[in-house]
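Tertiary structure, described
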Amino acid sequence: MQIGILGSGLMGGKLGTIFARAGHDVVFSYARSEQKLKELAAEAKGKARPGTPREAVQGADAVLLAVHWSRVDDVLNQAGDVSRKVIVSCSLPMNAADTDLVIAHTSSGAEELAKKVPKARVVSAFNTVPSEVLFGVFEARRRTKRPSLVYCGDDSRSKKIAAELIHDVGFEPVDAGPLRIARYTEPFALLVAQLAYEGEEGPELAYRFERFGK
Ligand SMILES: NC(=O)c1ccc[n+]([C@@H]2O[C@H](COP(=O)([O-])OP(=O)(O)OC[C@H]3O[C@@H](n4cnc5c(N)ncnc54)[C@H](OP(=O)(O)O)[C@@H]3O)[C@@H](O)[C@H]2O)c1
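A brief look at the structure comes next. (Residues numbered from 1 in each chain as written. Predicted model: local features only at pLDDT ≥ 70, side-chain atom pairs only at ≥ 80, totals over all residues. Heavy atoms only, no water.)

**Description of the overall build of the protein chain**
Secondary structure assignment for the protein chain yields nine helices and eight strands. Summarising the internal contacts of the protein chain: among those between residues at least 6 apart in sequence, 67% fall at separations of at least 24. Taken as a whole, the protein chain presents about 10,900 Å² of accessible surface, with 51% of it coming from carbon and sulfur. (Helix = DSSP H or I, 4+ residues; strand = E, 2+ residues; numbered from the N terminus. Contact = heavy atoms within 4.5 Å. Areas by Shrake-Rupley, 256 points an atom, 1.4 Å probe, with all protein chains shown as cover.)

Below, the structure written as structure tokens:
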């Protein structure tokens, strides 16, 4: 697949690299320096290249949205027409200080995003668990089982692509149902992140949540 990366930071950089190494054609875009995008593409060692957000979206089978919530409008403006594109979003609707969700619990970031891009197919993914915490826990326990990663959406074609991508980056994709489920997983993600990063028992708690969900 051709995958456009909108936001080439921690999430976009790592996921784009893994997608390129899995054989996908990746365009890294949206960082504060072009040099960084060039370096990411070179280090990815697969079929990866730097580009503008518009170039990342043109011809893409899937687009990964991986910017802070406060940058979503800007990157979408730069990307141009995203009609009929599959947008896999990992952008959590957080405030600038990352201390709270900026939406009421009657909606979700994925639903708000879907309103901004009504002709695109939005899938909420990669935003339900702090992955590095779970990977650390699994490594410590020498478990061989892949950690689960839930995703949701209303479009079956988009969800199939999302599941493939989730599988490619090392998780077991778990279909949580329709897009509206995102409004329940986002506060949960925030809770797990807070427990994981703020509490001394954090990773253990994240692990228990994961087991509890099975
Ligand atoms: N990190 C996680 O574990 C995690 C997990 C789940 C969900 N998320 C969500 O995923 C999203 C991205 O997180 P992240 O950790 O990948 O963030 P990040 O590392 O800060 O990446 C954001 C990207 O946006 C770029 N950017 C920011 N402001 C810009 C500007 N004014 N002009 C051009 N580019 C700009 C950054 O450029 P530079 O590269 O130059 O800094 C970076 O490439 C967030 O919504 C976060 O809540 C993150």
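More follows now that the structure is in view.
**A look at the nonpolar core**
Ile 5, Phe 19, Val 26, Phe 28, Ala 48, Tyr 151 and Leu 165 are the most contacted members of the largest nonpolar core, which totals 29 residues. Listed by contribution, the elements that provide at least two residues to this core are strand E1 (2-6), helix H1 (10-21), strand E2 (25-29), helix H2 (34-44), strand E4 (62-65), strand E5 (86-89), strand E7 (148-152) and helix H7 (156-168). Looking at which element gives the most residues to this core, the answer is H7, with five residues. Not counting chain neighbours up to four residues away, the residues in contact with Ala 48 comprise Ala 20, Val 26, Phe 28 and Ala 41. (Core = buried A, V, L, I, M, F, W, Y, C linked by side-chain atoms within 4.5 Å. Buried < 20%, exposed > 50% of the residue type's maximum accessible area, 1.4 Å probe, protein only.)

**Considering the site of the ligand**
Close to the ligand lie 18 residues, the nearest being Gly 9, Leu 10, Met 11, Arg 32 and Lys 36. Met 11 is positioned such that a nitrogen or oxygen atom in its backbone is 2.8 Å from an oxygen atom of the ligand. Interatomic distance of 3.4 Å between a backbone N/O atom of Tyr 30 and an oxygen atom of the ligand. Relative to its unbound accessible surface of 900 Å², the ligand loses 77% to contact with the protein. Here the residues of the shell around the ligand sort into 10 nonpolar, four polar and four charged. (Near = heavy atom within 4 Å. Polar contact = N/O pair within 3.5 Å; in protein donor to acceptor, adjacent residues only side chain to side chain. Nonpolar A, V, L, I, M, F, W, Y, C, P; charged D, E, K, R; others polar.)

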